[in-house]
Amino acid sequence: MNSYVLGLSSGYHDSAAALLRNGEVVAAAQEERFSRVKQDSRFPAQALAYCLREAGITLADVERVCYYENPVRKLGRIASTYLNFGLHGWRSFVDEMPAWLGHKVFVRRQLAADFATHFGVREAPPIDYIAHHESHAASAFYASPYESAAVLCVDGVGEAATTSAWVGQGRQLTPVWDIRFPHSLGLLYSAVTWFCGFKVDSGEYKLMGLAPYGEPRYAGQILEQLIDVKADGSFWLNMAYFDYAVGDCMVSPRFAQLFGGPRREPESPITQRELDLAASVQKVLEMVLLRLAATLRRQTGQKRLCMAGGVALNCVANGKLAAAGLFDDIWVQPAAGDSGGALGAALAGWHGRMERPRSVHGGDRMKATLLGSSYSDAEIEIALRAHGAVATRLGDAQLCDEVAGLLAQGEVVGWFQGRMEFGPRALGARSILADARNTAMQTVMNLKIKNRESFRPFAPAVLADQAKDWFDLGYASPYMLFVVGVNAGQRIAETDEDRQRFGIERLKCPRSTIPAVTHVDHSARVQTVGPDGNPRFHALLSAFHRRTGCPVLVNTSFNVRGEPIVESPGNAYLCFMRTQMDSLVLGNFLLRKADQPALVESTDWRDEFALD
């Protein structure tokens, strides 16, 4: 008889559901993909409904529900924080505590009510609370390909921990040490993100992308005034510069005084100060992570490292960790943020609470992250008819050859295939693709298709067996979680004119034979694609390689700025028609923009999604 365990994250951001059958991942998805609300925090009713549908069961068949944090412990941390900060936090205390005492702490009761409302069940399955960092650690270790490993989790804050270390052995996951709120590497990075004019919990990617344009001239001030870092990587923040603990702002007035003026207004021009702040906090982050990893290696003796938590999505730092050689292998959970906490909670429930065995078969358990919804060609055809779309249906081999030709001609193609990815990265199932050799492609895709800032870099997808000839990469990177250098043989030397450019102007300098995916420091966030994980995407890359001699494509998420990645054929068609994409592939259907009827909408779609 099958045993089902459900993991849930909700209430803060990135709500998600994940379902295990006999310990194996059946399905996992974020609520935002269905609700079309970026980082939706609400009960993941639609994501859960999908998971149950994928497994062919009802909620009554679920043996246990595991929630990704412990609200009782979280309330304890919040109350303790207010006591420690005294009168300074009184106003926030008065605003915050009634909600916690009224409903936030009673998550079991609220989940039971949500199950009744959305699924009509009179009695909810048993609900376990899994501590937030345990959920992260479980998502990293239990899903990894390792029998034993050290585990490092770094984020903003869970119940109390902001950084935690663990050792995984078989089905056992043992805590080693933690660093507690308000001292948080993730919140330090988020504070600088906010100060530079970007949104917390989404703009951190932008800060990481900005860093190579600047110089780390503020790193000394950060280390002298904001964060005290010990030789073992442990750290202590000077809370005189921050207000996130009990206030309504990320930083205090002293932060602006330290860095020469007020916060940059969102959407205003980016100055050299923001570029240098980005470079500086990125350098500090990398230094601290390297020290923490070295300490963990020394303390545990483990040769492999697993990582999760929002900071584990900093792929530049991940690349530096890998290059340092502190561990023989590093595996980062591709859904490292709070959405992945749903999966980690389920895995912690199965192996930890239910004491079920764990076996390692040589690969990880993420199934290339293709754990989300899918649509048959018949379902796609129905959706296309509803939109009056004009499409051509092609056979498998013909489809890849045809699309490779369009890409080689400079077209931008929306690519919608198979099951949707779980986590923040599009990895060839819900992607927008283009020719990486095109010198204008980064600007074209940012401004005319993604509707976002021109400086933001794009990632390359490369055939795994060709990767070493194009990138300084000695390991597989299927989840686009490591930044490495572009191979010296592909680089283009700077000219005297290039050397005269500063800041964002450096974007205009071609730096390699694949300029659309080469960042200003000759780096790239690489996805290696083998024949097993996503066969059709591999077939397309192979067709493009045969045609052009280049095994690399631009691969970015299928959405515009502020929009969740597309979930359905209808989402994909609307995104295609609203932007300047040239072609769209849905399953075996190819659509050309010139063939489509005009899209008539009663409102401006740009108002539909809040800018991130």
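Model, not experiment: these values are computed from the prediction.

A. Inspection of the overall build of the protein chain at higher detail. From N to C terminus, the protein chain includes 19 helices and 22 strands. Relative to the 2.2 N^0.38 estimate, which gives 25 Å for 612 residues, the radius of gyration of the protein chain is 24 Å and therefore close to what a compact globule would have. Seen through its principal axes, the protein chain has C-alpha atoms that stretch 65 × 65 × 55 Å. Within the protein chain, the proportion of its 612 residues that are buried is 60%. Within the protein chain, counting contacts between residues at least 6 apart in sequence, those at least 24 apart form 71% of the total. On the protein chain, roughly 23,800 Å² of surface is accessible, and the fraction owed to carbon and sulfur atoms is 51%. Once the 63 positive and 66 negative side-chain charges of the protein chain are each reduced to a mean point, those two points are 2 Å apart.

B. Representation of the sheet that holds strand β15 (residues 430-435) within the structure. Strands sit in the order β13-β22-β21-β14-β15-β20-β16-β19 across an open sheet of eight strands; the sheet is mixed. Among the strands making up the open sheet, the edge pair consists of β13 (392-393) and β19 (527-529). As paired strands, strand β16 (residues 459-463) and β19 are joined by three bridges and run parallel to one another. Paired with leucine 463 across the strands is valine 529, a residue of β19. Helix-sheet contacts for helix α15 (residues 396-408) involve β14 (413-416), β15, β20 (552-557), β21 (583-586) and β22 (589-592), and the interaxial angle to β15 is about 55°.

C. Spotlight on the packing of helix α2 (residues 45-55) against helix α5 (residues 107-119). For the pair α2 and α5, interaxial distance at closest approach is 11 Å and the crossing angle is 70°. As summarised for this structure, α2 and α5 are arranged roughly perpendicular, according to the angle between their axes. Note that α2 runs across α5; the crossing there is right-handed. When α2 is examined against α5, the residues Ala45, Leu48, Ala49 and Leu52 are found in contact with a partner set consisting of Phe115, His118 and Phe119. Looking at the contact of α2 with α5 residue by residue, the classes come out as six nonpolar, one polar and no charged.

D. Looking closely at the layout of surface pockets. In this structure, the second largest pocket spans a volume of roughly 420 Å³. Around the second largest pocket, the lining comprises 19 residues; the ones closest to its centre are Tyr146, Ile330, Trp331, Tyr475 and Ala476. Of the residues that constitute the lining of the second largest pocket, the class distribution is 13 nonpolar, three polar and three charged.

E. Broad picture of the domain arrangement of the protein chain. Per the domain assignment, the segments of the protein chain are domain 1 (4-143 + 335-369), domain 2 (179-332) and domain 3 (377-607). Computed from C-alpha atoms alone, the centre-to-centre distance between domain 1 and domain 3 is 32 Å. On the side of domain 3, 17 residues touch domain 1, which itself brings 22 residues to the contact. Summed over both sides, the interface between domain 1 and domain 3 buries roughly 1,700 Å², with carbon and sulfur atoms accounting for 54% of that surface.

F. The arrangement of helix α7 (residues 185-195) in detail. In terms of burial, α7 is a largely internal element, ten of the eleven residues being buried. Leu185, Gly186, Leu187, Leu188, Tyr189, Ser190, Ala191, Val192, Thr193 and Phe195 are the residues of α7 that are buried. Where α7 starts, the residue carrying a side-chain oxygen 3.4 Å from the main-chain nitrogen of glycine 186 turns out to be serine 184. Glycine 197 lies just past α7 and shows a positive phi near 95°.

G. Structural view of the sheet that holds strand β5 (residues 127-129). Pairing is mixed in the open sheet, where five strands are placed in the order β3-β2-β1-β4-β5. Unpaired on one side and paired on the other, β3 (24-30) and β5 mark the two borders of the sheet. Strand-to-strand, the axes of this sheet are offset by a mean angle of 20°, without reference to chain direction. By the bridge criterion, five bridges tie strand β1 (residues 4-9) to strand β4 (residues 62-67) in an arrangement that is parallel. Residue pairing across strands places valine 5 opposite arginine 64, the latter belonging to β4.

H. Highlighting the environment of glycine 489. Mapping glycine 489 onto the fold places it in the loop between β17 (483-485) and α17 (496-499). In this structure, the C-alpha to C-alpha distance between glycine 489 and serine 164, residues 325 residues apart in sequence, is 40 Å.

I. Molecular detail of helix α18 (residues 535-548). Spanning 14 residues, α18 covers 20 Å between terminal C-alpha atoms, matching the ideal 20 Å at 1.5 Å per step. Of all the positions in α18, only Arg536, Phe537, His538, Leu540, Leu541, Ser542, Ala543 and Phe544 are classed as buried. Buried residues along α18 sit against α15, β14, β15, β16, β19 and β20. Backbone geometry just after α18 places glycine 549 at a positive phi near 80°.

J. Molecular detail of the pattern of salt bridges. Scanning the entire structure with this criterion turns up 24 salt bridges. Measuring nitrogen to oxygen at the nearest pair gives 2.9 Å for the salt bridge that ties aspartate 228 to lysine 230.

K. Representation of the packing of aromatic side chains within the structure. In this structure the tally under the stated criterion is 15 aromatic pairs. Seen in terms of ring centroids, tyrosine 573 and phenylalanine 576 are 6.3 Å apart; in terms of plane orientation they differ by 55°. Their pairing is tilted. Highlighted residues: tyrosine 573 and phenylalanine 576, both in helix α19 (residues 569-578), separated by three residues, approximately one helical turn. Pair check on accessibility: tyrosine 573 and phenylalanine 576 agree, each one buried. One aromatic cluster is present, formed by Phe181, Phe195, Tyr218, Phe242, Tyr244, Phe255 and Phe259 through successive ring pairs. Sitting over the face of the ring of phenylalanine 106, arginine 109 holds its NZ or CZ atom 4.4 Å from the ring centroid.

Conventions adopted
Residues numbered from 1 in each chain as written. Predicted model: local features only at pLDDT ≥ 70, side-chain atom pairs only at ≥ 80, totals over all residues. Heavy atoms only, no water. Helix = DSSP H or I, 4+ residues; strand = E, 2+ residues; numbered from the N terminus. Rg over C-alpha atoms; globule rule 2.2 N^0.38 Å. Buried < 20%, exposed > 50% of the residue type's maximum accessible area, 1.4 Å probe, protein only. Contact = heavy atoms within 4.5 Å. Areas by Shrake-Rupley, 256 points an atom, 1.4 Å probe, with all protein chains shown as cover. Lys, Arg positive; Asp, Glu negative; His and termini not counted. Charge placed at Lys NZ, Arg CZ, Asp CG, Glu CD. Pairing = 2+ DSSP bridges. Axes fitted to C-alpha atoms, helices over the stretch in contact; angles between N-to-C directions. Parallel < 35°, antiparallel > 145°, perpendicular 65-115°, else oblique. Left-handed = near helix turned anticlockwise from the far one by under 90°. Nonpolar A, V, L, I, M, F, W, Y, C, P; charged D, E, K, R; others polar. 1 Å grid on protein atoms, 1.4 Å probe; cavity = no way out; pocket = protein on both sides within 12 Å on 5 of 7 lines; lining within 4 Å. Points joined across faces, edges and corners; volume = space filled by probe spheres on them. Domains from an automatic or database assignment. Buried area = accessible area lost by both parts, 1.4 Å probe. Polar contact = N/O pair within 3.5 Å; in protein donor to acceptor, adjacent residues only side chain to side chain. Expected span 1.5 Å × (residues − 1). Salt bridge = Lys/Arg side-chain N within 4 Å of Asp/Glu carboxyl O. Phe/Tyr/Trp six-rings, centres within 6.5 Å; stacked < 30°, edge-to-face > 60°. Lys NZ or Arg CZ within 6 Å of the ring centre and 35° of its normal.

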